[in-house]
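# Architecture at a glance
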Amino acid sequence: MIVMRQDATAEHVAGVIAAIEARGLSAHAIPGAQRTAIGITGNEGPLETAVFEALPGVLEAIRVSHPYKLVSREVKPDESIVTIGDVAIGGRKLVVIGGPCAVESREQTLTVARGIKSAGGHILRGGAFKPRTSPYSFQGLGEEGLKILAEAREETGLPIVTEAVDMESLDLVERYADAIQIGARNMQNFSLLKRAGKAKKPVLLKRGMSATLEEFLMSAEYIVSQGNYQVILCERGVRTFSDYSRNTLDLTVVPAVKQISHLPILVDPSHGTGKRDKVPALSRAAVAVGADGVIIEVHHDPDRALSDGPQSIRPDAFAQLVVELRRVADAVGRIL
Ligand code: PEP
Ligand code: MN
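Let me begin by describing the structure that accompanies this report. Note that the structure is a prediction, hence the values are computed from the model and not measured.

With that settled, the discussion passes to the overall build of the chain. A tally of helices and strands in the chain yields 11 helices and 14 strands. The proportion of buried residues among the 336 residues of the chain is 53%. Considering only intrachain contacts with a sequence separation of at least 6, the fraction spanning at least 24 residues in the chain is 67%. When the accessible surface of the chain is split by element, carbon and sulfur atoms take 51% of a total near 14,300 Å². Here the chain contributes 39 positively and 40 negatively charged side chains, and the mean placements of these two sets differ by 3 Å.

See below:
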């Protein structure tokens, strides 16, 4: 990583980038509040620091010790703010995302979207492509589902986030949605991560169900290293021996991420617990522990939902939850 002097000019930065690229490496300029840093990737071994330190405007060249580079606080000390539609994620303001697990029909999605909007939710979620454990389960409406989501955005003004499960669906999701979700099951689908890194839309990256923090951040690094710096992490629970919930929501990862990465992190208490009645408590805990927001599954008729009904809360419970989260936000110095 090259740290530029505070008084370095745009020409100095361009000169350093040219010197990096002349060596066949990639340069990633990261403007900060105090000074610009330039990350270097593509080198297979350590680089000689002196050649870069000799360039005009350079303060120092540092070897980044972590395996994740561009997503680390070492390279970028200031927190990143990622924007989905017109909603900023990662600042003082918390974000609340809500919506059904799957887009099932126009009526279902519009009904839930109206509930999210009137409750004060900021972004609508809903899967058009569903990665289901069983091939016999509802697989999603595909492009038809994306059209329904676009209509819901049109009516409510809520930006939409929806999952891409492979290369083909990623092309479609990039076209229709405001953010691309990469699900837990695809967290280490490296070709999909690289493709997401070329996308022009922000990426919501969910933690794999057995991923360590380092693996999680390395997956984010895949996306960022391809040039897409708009990555939001999402903790959604990991597999443990606990048998009273679908997954174990690892809230400890939130302050851990905050310490070593500048990326925003959300919490998904729906998949994290698998149980509707546990969702409000874990949502409040997520905000208390420093998450930048929550993503919640909501369904107006969860007992008839085609996927994840048992963990989906009703729109009125979602509205009540937003009120409760506002109070927790206030207590921890955040705004909702
Ligand atoms: C989802 O958001 O509906 C989903 C499938 O999530 P995850 O990838 O975390 O299981
Ligand atoms: Mn789901």
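So that's the structure; there's more coming.
Once that is clear, we can look at the packing of helix α10 (residues 279-288) against helix α11 (residues 315-331). One way to put it is that α10 packs onto α11 with a least axis distance of 9 Å and a crossing angle of 25°. Judged by the angle between their axes, α10 and α11 are roughly parallel. As α10 runs across α11, the sense of the crossing is right-handed. Residues Pro280, Ser283, Arg284, Val287 and Ala288 of α10 touch α11, and the partners they reach there are Leu321, Glu324, Leu325, Val328 and Ala329.

In an ideal octahedron of six donors the angles at the metal are 90 or 180 degrees, and in an ideal tetrahedron of four donors they are 109.5 degrees. Summarising the metal site, the manganese ion (ligand 2) is bound by the protein donors Cys101 (SG), His271 (NE2), Glu297 (OE) and Asp308 (OD), whose distances to it range over 2.0 to 2.4 Å. For the manganese ion (ligand 2), all donor residues lie on one chain, and their spacing in sequence is C-x169-H-x25-E-x10-D. Of the two residues, Cys101 is situated in the loop between β7 (95-99) and α3 (106-119) and Glu297 in strand β14 (residues 293-297); the sequence distance between them amounts to 196 residues. With respect to class, Cys101 is no different from Glu297; both count as buried.

Further remarks concern the sheet that holds strand β4 (residues 58-61). Taken in spatial order, the 4 strands line up as β2-β3-β1-β4 in an open sheet, and their pairing is antiparallel. Looking at the sheet topology across the chains shown, the edges are occupied by β2 (26-31) and β4. Neighbouring strand axes in the sheet, compared pairwise and without regard to direction, differ in orientation by 20° on average. The pairing of strand β1 (residues 2-4) with strand β3 (residues 36-41) spans 2 bridges and is classified as antiparallel. Paired with Ile2 across the strands is Ile38, a residue of β3.

The next subject is the pattern of salt bridges. Scanning all chains against the criterion turns up 20 salt bridges. In this structure, Glu174 and Arg195 form a salt bridge, with 2.7 Å as the shortest nitrogen-oxygen distance. Here the residue Glu174 occupies a position in helix α5 (residues 167-176), and Arg195 occupies one in helix α6 (residues 190-198), the gap between them amounting to 21 residues. Arg195 carries the same exposure label as Glu174, and that label is buried. We note a salt bridge from Lys206 to Asp268, for which the minimum N-O separation is 2.7 Å. Residue Lys206 is found in strand β11 (residues 203-206), and its partner Asp268 is found in the loop between β13 (265-267) and α9 (269-273); the two are separated by 62 residues along the sequence. Take Asp268: its relative accessible area is 1%, and that puts it in the buried class.

Attention shifts here to the side chain of Arg334. In this fold, Arg334 is placed in the segment after α11. With a relative accessible area of 16%, Arg334 lands in the buried category. Here Asp292 takes part through its side chain, which lies 2.7 Å from a polar atom of the side chain of Arg334.

A separate point is the packing of aromatic side chains. The tally for this structure, following the rule as stated, stands at 1 aromatic pair. Pairing Phe190 with Tyr222 gives two aromatic rings, centres 4.6 Å apart and planes at 25°, and the pair type is stacked. Residue Phe190 is located in helix α6, and its partner Tyr222 is located in helix α7 (residues 213-225); the two are separated by 32 residues in the primary sequence.

Summarising the element assignment, Ala177 is placed in the loop between α5 and β10 (179-182). Distance from Ala177 to Val161, taken between C-alpha atoms, is 6.0 Å for residues 16 residues apart in sequence.

Residues in close proximity to ligand 1 include Cys101, Arg125, Lys130, Glu163, Gln181, Gly183, Ala184, Arg185, Lys206, Arg236, His271 and Glu297, which together make up its full environment. One nitrogen or oxygen atom from the side chain of Lys206 is found 2.9 Å from an oxygen atom belonging to ligand 1. Between ligand 1 and Glu297, the relevant distance is 3.2 Å, taken from an oxygen atom to a side-chain nitrogen or oxygen of the residue. Surface burial for ligand 1 is 97%, taken as the share of its 300 Å² of free accessible area covered by protein chains. Spatially, ligand 1 is embedded in the second largest pocket. Classifying every residue of the shell around ligand 1 by side-chain character gives 2 nonpolar, 3 polar and 7 charged.

Reading the values: rules and limits
Residue positions are counted from 1 within each chain, in the order its sequence is given. All chains are assigned letters beginning with A, and all ligands numbers beginning with 1, in the order in which they are written. Where totals are concerned, whole chains, interfaces and linings use all residues; where local detail is concerned, this predicted model gives features only for residues with pLDDT of at least 70, and gives and counts side-chain atom pairs only at 80 or more. Neither water nor hydrogens contribute to the side-chain values; these are computed over all heavy atoms in the structure. Helix and strand assignments come from DSSP, with helices taken as H or I runs of at least 4 residues and strands as E runs of at least 2, each series counted from the N terminus. Note on classification: 1.4 Å probe, protein chains only; a residue is buried when its accessible area is under 20% of the maximum for its type, exposed when over 50%, partly exposed between these limits. Every residue pair with non-hydrogen atoms within 4.5 Å of one another is taken to be in contact. Exposure was quantified through the Shrake-Rupley algorithm and a 1.4 Å probe, taking into account, for residues, occlusion by the shown protein chains and nothing else. Positive charges are assigned to Lys and Arg, negative charges to Asp and Glu, while His and the chain termini are left out of the count. A charged residue contributes its charge at one atom only: NZ of Lys, CZ of Arg, CG of Asp or CD of Glu. Inter-axis angles, ranging from 0 to 180 degrees, are taken between N-to-C directions of lines fitted to C-alpha atoms, where helices are fitted over the stretch in contact. The labels follow the angle: roughly parallel below 35 degrees, roughly antiparallel above 145, roughly perpendicular from 65 to 115, and oblique for the rest. If you view the pair so one helix is near and one far, a crossing is left-handed when the near helix is turned anticlockwise from the far one by less than a right angle, and right-handed when it is turned clockwise. The rule for donors is simple: N, O or S, within 2.8 Å of the metal, or within 3.2 Å if the metal is Na, K or Ca. Water isn't counted, so a site may look like it is missing partners. Between any two strands, at least two bridges found by DSSP are needed for them to pair. By salt bridge we mean one thing: a side-chain nitrogen of Lys or Arg within 4 Å of a carboxyl oxygen of Asp or Glu. Side-chain atoms alone can form a polar contact between residues adjacent in sequence; in general such a contact is a pair of N or O atoms within 3.5 Å, and within protein one must be able to donate a hydrogen while the other accepts it. Aromatic rings from Phe, Tyr and Trp, taking only the six-membered ring of Trp, are treated as a pair when their centres fall within 6.5 Å; an angle between ring planes under 30 degrees marks them as stacked, one over 60 as edge-to-face, and anything in between as tilted. Consider each residue's heavy atoms; a residue with any of them within 4 Å of a molecule or strand counts as near. Cavities and pockets were defined on a 1 Å grid built over protein atoms only: a cavity is a set of grid points that admits a 1.4 Å probe from which the probe cannot escape, a pocket is an open set flanked by protein on both sides within 12 Å along at least five of seven lines, and lining residues are those with an atom within 4 Å of any such point. Molecules are considered to sit inside a cavity or pocket once more than half of their atoms lie within 2 Å of its grid points. Under the convention adopted here, Pro, Cys and the residues Ala, Val, Leu, Ile, Met, Phe, Trp and Tyr are nonpolar, Asp, Glu, Lys and Arg are charged, and Gly plus all remaining residues are polar.

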